[in-house]
Structure formats: structure tokens, C-alpha cells
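Descriptive analysis of the structure
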Amino acid sequence: MPPSAHPVGGIDYPRTYQEFRSWFPDDQACREYLAGLRWPNGFECPNCGSGGCWQVGRGLRMCVQCAVKTSVTAGTIFHRSHTPLSTWFAAVWFVTSSKNGVSAQGLQDALGFGSYETAWAWLHKLRRAMVRPDRELLGADPGIIVELDQSFLGGRSTGKQGASSDKTPITIAVERTPRGRLGRVRLEVADRPGGLDMIEFATQVVAPGATIHTDGARMFPRLTALGYTHLATPATKGGHQVENPDAVMAGPHMVSSLLKRWTAGTLHYRLSYQHMPYYLDEFTFRFNRRNSRARGMLFYRLLQQAVDTDPHPLKDLIGG
Ligand SMILES: [Zn+2]
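Residues numbered from 1 in each chain as written. Predicted model: local features only at pLDDT ≥ 70, side-chain atom pairs only at ≥ 80, totals over all residues.

As a further point, take the overall build of the protein. A tally of helices and strands in the protein yields twelve helices and ten strands. Going through the 320 residues of the protein one by one, you find that 33% of them count as buried. At a minimum sequence separation of 6, the contacts of the protein that also span at least 24 residues come to 55%. (Helix = DSSP H or I, 4+ residues; strand = E, 2+ residues; numbered from the N terminus. Buried ≥ 20, exposed ≤ 12 C-beta atoms within 10 Å, placed from the backbone. Contact = placed C-beta atoms within 7 Å.)

As C-alpha cells, this is what we get:
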């Protein structure tokens with residue numbers, strides 16, 4: 001399966017459930033597909049970097065230079081899973097083919113898992129693969145402005161804005177294109193409302209030298225010293241509200257609304273603080289691909305990210 005910068009439906013990924021079924025009849029077919037995603041230019045030994053290998057059974061490849069054996073799933077989220085790869089593939093197809101994703105209960109029902117906990121754990125594993133930390137930075141293209149703000153998620157709604165004790169502050173960075181549309185988003189659970197970690201987050205997710213738009217709160221001028229162009233639209237002046245705060249940071253406000261609607265509509269349960277980053281990852285994955293008409297493309301991307309892993313200790317890479 002040759003990799004492609006612009007994957008094509010029917011060639012790089014299945015377009016329909018019927019295609020999905022015929023492409024992946026067994027684990028061997030799944031392994032070959034993963035191998036194409038993991039080694040797009042052909043096998044590369046994780047031990048010595050050589051190219052040649054022998055297939056030595058049970059999905060293992062043995063390096064012709066150093067004889068170390070590697071499995072295509074070693075060091076990926078599928079590593080040491082006792083579940084057949086074909087079941088994982090079915091889960092990935094199910095999660096990516098529905099527009100808003102599925103709840104653990106929905107996955108359990110669809111795949112016939114014995115326990116809710118298993119389905120829940122699988123969803124969390126898949127979410128880990130949804131956002132790669134080394135992905136492209138926001139605001140790298142000319143004309144794009146990154147809007148940076150915070151919102152609150154979870155807990156009881158008090159009916160007013162602000163930080164009630166059981167709500168989690170979420171930092172939101174979202175691109176605004178020259179035509180006024182929203183681009184890609186990055187999200188993070190904040191340590192506390194209005195903390196300096198917002199600045200640190202910006203340096204991690206926004207391209208150096210890009211333009212960042214904020215509400216001008218007191219920590220944001222630091223962005224200038226860090227090499228960003230900082231635009232500020234204060235919502236208050238001399239203690240008086242000058243504009244609707246939601247209108248000032250319209251991009252993050254829109255993202256926050258969609259995030260709340262998604263968590264309430266799809267996940268069906270209270271979000272725990274501990275697992276919040278995983279939900280943010282899934283939302284980010286879906287939001288950044290919301291204009292992709294081909295659902296199979298999300299299937300492709302999620303599997304690609306699931307096998308595109310950082311180097312792991314050698315003992316983890318050796319299969320068998
Ligand atoms: Zn080798």
C-alpha cells in the first residue's frame with residue numbers, strides 16, 4: 001500500500017463499509033496495511049536503520065543486517081494487544097465513520113464487547129493516537145491569525161461565566177484564515193484560569209513569528225518578547241465592558257460551544273478532570289478534519305498516527 005501525501009479513496013483507504021470488509025478479511029491484511037503506513041518507503045530496521053528484511057512468520061520482519069525481529073505493531077497502540085487486529089480495525093472504522101464519534105456504550109454494543117470497561121479503555125487508546133504532539137504548528141501560513149483564549153468545561157453549570165470550582169479551564173488556540181473562517185484548533189487543560197501556562201502552550205502550538213490575537217489580559221504582552229506579533233482587543237476599559245467578551249474572542253468562543261455540545265451529545269457522561277486531555281484530543285482530531293467529506297480519510301489518518309510513533313526502547317520494539 002503506497003503512502004500518499006494526498007490519500008485517495010478506494011486506493012489508500014476504503015470508501016465504504018463494503019470496501020472496508022473486503023480489504024481487511026483477516027489480521028494478515030491488517031498487518032500489511034499498517035506496514036504500508038509505518039514504513040512508507042519500505043521497511044526500516046528500528047535497531048540499525050537498514051532497509052532489507054525477511055518475513056519470518058507471525059507478522060514479524062527480521063533485519064537482514066542485524067537479525068533483530070520487529071513486528072509492525074511493536075511500539076504502537078496495538079502493541080501486545082491480545083485482541084485480533086481486525087477487531088481493532090473495526091473499532092477504528094466505527095469511531096471514524098460516525099461524524100461525532102461514539103460513546104463507550106456505543107462501541108460496546110457495536111463490537112459486542114463483554115464489558116463496558118473494555119470499550120472505554122479502547123476509546124482512550126485510540127484517542128491517544130488522535131493528536132500527535134509534533135504536528136504542524138498553527139499560524140504558519142501567511143495571513144493566518146491565531147486566536148488564543150480560555151473557556152471552562154465540565155461540572156455543573158452555574159448559569160454564569162467564570163470558574164466555579166468543578167469546572168476545568170481549557171486553553172483554546174484556533175486559526176482565523178484571511179477569509180474570516182476558522183482553521184485548525186489546539187486545546188489544552190490549563191493549570192488554572194489565566195495562568196502563565198497559556199503562554200507556554202502558545203509557544204508549543206503556534207509557529208514562531210506568527211500573529212496571536214488575545215483579549216489583552218496582563219500576561220499576553222509577553223508574547224511579543226517571545227517573537228510573536230500580538231494583537232489585543234480588550235473587552236474592558238477602565239473597569240467597564242466595552243464589548244461583548246464572546247464577540248471579542250469569537251473563534252475560541254465558537255470552539256468552546258462546539259466542544260460543550262459534543263461532550264454533552266456524544267459522550268453522555270460527566271467528564272472527569274483526569275481524562276479531559278483525551279476528550280480534547282478526540283475533539284481536536286474531529287474538528288481539524290470537519291471539512292473532510294471522506295470519512296475513510298479519518299480512518300486512514302488515525303491508523304497512520306497510531307503507527308507513527310516516536311522511537312521506543314529496543315526491548316519494546318522486538319516482537320515475539
Ligand atoms: Zn537491523
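Glancing now at the sheet that holds strand β1 (residues 53-55). Hydrogen bonds between backbone groups are what pair the strands of a sheet, and the pairing can be parallel or antiparallel. If you trace the three strands from one edge of the open sheet to the other, you get β1-β2-β3, paired in antiparallel fashion. Each edge of the sheet is formed by a strand with only one pairing partner; in this case those strands are β1 and β3 (69-71). On average, adjacent strands in this sheet sit at an angle of 35° to one another, irrespective of strand direction. Pairing between β1 and strand β2 (residues 60-63): three bridges, direction antiparallel. Across the sheet, residue Q55 finds its bridge partner in β2, namely R61. (Pairing = 2+ DSSP bridges. Axes fitted to C-alpha atoms, helices over the stretch in contact; angles between N-to-C directions.)

The strand order across the open sheet built from five strands is β6-β5-β4-β7-β8, with neighbouring strands paired in mixed fashion. Each edge of the open sheet is held by one strand with a lone partner, namely β6 (182-189) and β8 (229-232). Each adjacent strand pair in this sheet contributes to an overall mean axis angle of 25°, direction not counted. For strand β5 (residues 168-176) and β6, the ladder comprises six bridges, and the chain directions are antiparallel. When the bridges of β6 are listed, A173 appears paired with R186. Contacting β4 (145-153), β5, β6 and β7 (211-214), helix α6 (residues 197-205) runs over the sheet at an angle of about 40° to β5.

As defined by bridge partners, β4 adjoins β7 across three bridges and the pair is classed as parallel. Across the sheet, the residue bridging to E147 is H213, located in β7. Across four bridges, β7 lies against β8 in parallel orientation. Among the inter-strand pairings, I212 is bridged to a residue of β8, identified as H230.

Now for the environment of S98. Residue placement: S98 occurs in the loop between α3 (85-97) and α4 (104-111). Along the chain, S98 and R295 lie 197 residues apart, while their C-alpha atoms are 7.9 Å from each other.

In this section: helix α2 (residues 27-38). Under the 1.5 Å per step criterion, the end-to-end length of α2 is 16 Å for twelve residues, consistent within 8% with the ideal 16 Å. Taken together, the buried positions of α2 are occupied by C30, Y33, L34, A35, L37 and R38. Packed against the buried residues of α2 are α3 and α11 (295-307). (Expected span 1.5 Å × (residues − 1).)

In this structure, L34, V92, L126, F299, L302 and L303 are the most contacted members of the largest nonpolar core, which totals 33 residues. Those elements that provide at least two residues to this core are α2, α3, α4, α5 (116-128) and α11. What L34 contacts, discounting residues up to four positions off in sequence, is V72, T73, L303 and V307. (Core = buried A, V, L, I, M, F, W, Y, C linked by C-beta atoms within 7 Å.)

Before going further, it helps to examine the packing of α3 against α11. The geometry of a pair of packed helices is captured by two quantities: the angle between their axes and the separation between those axes. Interhelical geometry of α3 versus α11 gives an angle of 130° and a closest axis separation of 8 Å. When the axis of α3 is compared with that of α11, the two are oblique. Regarding α3 and α11, the two cross each other, and that crossing is right-handed. Across the interface between the two elements, V92, W93, T96 and S97 of α3 pack against R295, L298, F299, L302 and L303 of α11. (Parallel < 35°, antiparallel > 145°, perpendicular 65-115°, else oblique. Left-handed = near helix turned anticlockwise from the far one by under 90°.)

Moving on, we come to α11. Under the 1.5 Å per step criterion, the end-to-end length of α11 is 19 Å for 13 residues, consistent within 8% with the ideal 18 Å. Across the 13 residues that make up α11, a large majority, eleven, are buried.

Glancing now at the environment of V68. When you line up the elements, V68 lands in the loop between β2 and β3. Accessibility expressed as a C-beta count within 10 Å gives 18 for V68, which makes it partly exposed. Counting along the chain gives 21 residues from V68 to N47, while the straight-line C-alpha distance between them is 7.1 Å.

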